[in-house]
Amino acid sequence: MNRAKLDSIRNAGPAILPSVLNCDFGDLMAEVDRLRQAGAEILHLDVMDGHFVPNLTFGMPIVEGLRRHTDMPLDVHLMISDPLAYAKPMVEAGADLLTFHIEAVSDPVDVANKIRDLGVGVGVAINPATPLSSLDVCLDCVDMVLVMSVQAGFGGQSFNPVALDRIRELRSRYPDLLLEIDGGINTETIGPAREAGCDLFVVGSAIISSDDYTAAVSELSDAMMSANGGAR
């Protein structure tokens, strides 16, 4: 099914992933066009259930609507209590990479394997307060780790530098694992995250709050690629 898109995600790295949560949902097609023209190659979708996290965002209809209007890979971050209940519908809607939270499940290996069986890339996310060791049991079963640099589902938080230490450790232990960071990524934080070894950078307001998406993405890209000369 969609695992071919995983190769395009890998090949795009290091890459900036705009978060569509910050977009104008009244004109989402135009927003996606603007993001593509700005250089976006992958879109990040934050799905929140109002239970695992306090906010409620969107579900399969938005994913399906985006899939109808773009062939860009869709990186879907499930901030939900029961990821397996929605994994298949999300894949059928067009998700290419599904990420569940380690804090939300009792058997992450089972969850990862069942998502993989749906034919998509598998990611596991971890909040700043959760011990990194909790991931150990499932790291051989996933394609990506999403290191949260803020607590998932809460707005207005500052970038937590613990994420940089975690990325360094994961990169050292798992050199081929995709690493993604989400939360407070801007021109000040994207460079250190890249230098730590991150591949994928989820960016919300630093792009969408700008009047010029192309300029915003360009500035972020310059800051990202300046770290270690842009090398992995």
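Attention here is on the structure that accompanies the text.

Each value, and the rule that gives it
Residues numbered from 1 in each chain as written. Predicted model: local features only at pLDDT ≥ 70, side-chain atom pairs only at ≥ 80, totals over all residues. Heavy atoms only, no water. Helix = DSSP H or I, 4+ residues; strand = E, 2+ residues; numbered from the N terminus. Rg over C-alpha atoms; globule rule 2.2 N^0.38 Å. Buried < 20%, exposed > 50% of the residue type's maximum accessible area, 1.4 Å probe, protein only. Contact = heavy atoms within 4.5 Å. Areas by Shrake-Rupley, 256 points an atom, 1.4 Å probe, with all protein chains shown as cover. Lys, Arg positive; Asp, Glu negative; His and termini not counted. Charge placed at Lys NZ, Arg CZ, Asp CG, Glu CD. Polar contact = N/O pair within 3.5 Å; in protein donor to acceptor, adjacent residues only side chain to side chain. Core = buried A, V, L, I, M, F, W, Y, C linked by side-chain atoms within 4.5 Å. Axes fitted to C-alpha atoms, helices over the stretch in contact; angles between N-to-C directions. Parallel < 35°, antiparallel > 145°, perpendicular 65-115°, else oblique. Left-handed = near helix turned anticlockwise from the far one by under 90°. Nonpolar A, V, L, I, M, F, W, Y, C, P; charged D, E, K, R; others polar.

**Observations regarding the overall build of the protein chain**
Okay, so step 1: What the protein chain contains, in helices and strands, is nine helices and eight strands.
Okay, so step 2: Expected size for 232 residues packed as a compact globule is a radius of gyration near 17 Å; at 16 Å, the protein chain falls within 12% of this value.
Okay, so step 3: Principal axes of the C-alpha set define a box for the protein chain whose edges measure 45 × 40 × 35 Å.
Okay, so step 4: Classification of the 232 residues of the protein chain by burial places 54% in the buried group.
Okay, so step 5: Contacts spanning at least 24 positions in sequence make up 68% of the contacts within the protein chain whose residues lie at least 6 apart.
Okay, so step 6: Of the roughly 9,600 Å² of accessible surface on the protein chain, 48% is carried by carbon and sulfur atoms.
Okay, so step 7: When the 16 basic and 33 acidic side-chain charges of the protein chain are each reduced to a single mean position, those positions are 6 Å apart.

**Remarks on the side chain of His-101**
Okay, so step 1: Note that His-101 resides in strand β4 (residues 97–101).
Okay, so step 2: A polar atom in the side chain of His-101 sits 2.8 Å from the side chain of His-77.
Okay, so step 3: The contacts of His-101, once residues within four sequence positions are left out, are Phe-52, His-77, Leu-78, Met-79, Ala-125, Ile-126, Asn-127, Met-148 and Ala-152.

**What to know about the nonpolar core**
Okay, so step 1: Residues Leu-45, Leu-98, Val-145 and Ile-207 are the most contacted members of the largest nonpolar core, which totals 66 residues.
Okay, so step 2: With five residues, the single largest contributor to this core is helix α9 (residues 213–225).
Okay, so step 3: Leaving out residues up to four positions away in the same chain, Ile-207 has contacts with Ile-16, Pro-18, Leu-35, Tyr-213, Ala-216, Val-217 and Leu-220.
Okay, so step 4: Counting residues in each nonpolar core, the second largest holds 18 residues, with Ile-9, Met-48, Leu-97 and Ala-125 among its members.

**Examining the packing of helix α3 (residues 60–69) against helix α4 (residues 83–93)**
Helix packing for two helices is described by the angle between their axes and how far apart those axes are.
Okay, so step 1: The N-to-C vectors of α3 and α4 enclose an angle of 25 degrees; their axes lie 8 Å apart at closest approach. Accordingly, the angle class assigned to the pair α3 and α4 is roughly parallel. Relative to α4, the crossing made by α3 is right-handed. For the pair formed by α3 and α4, the contact residues are Met-60, Val-63, Glu-64 and Arg-67 on the first element and Tyr-86, Pro-89, Met-90 and Ala-93 on the second.
Okay, so step 2: Of the residues contributing to the contact of α3 with α4, the split by class is six nonpolar, no polar and two charged.

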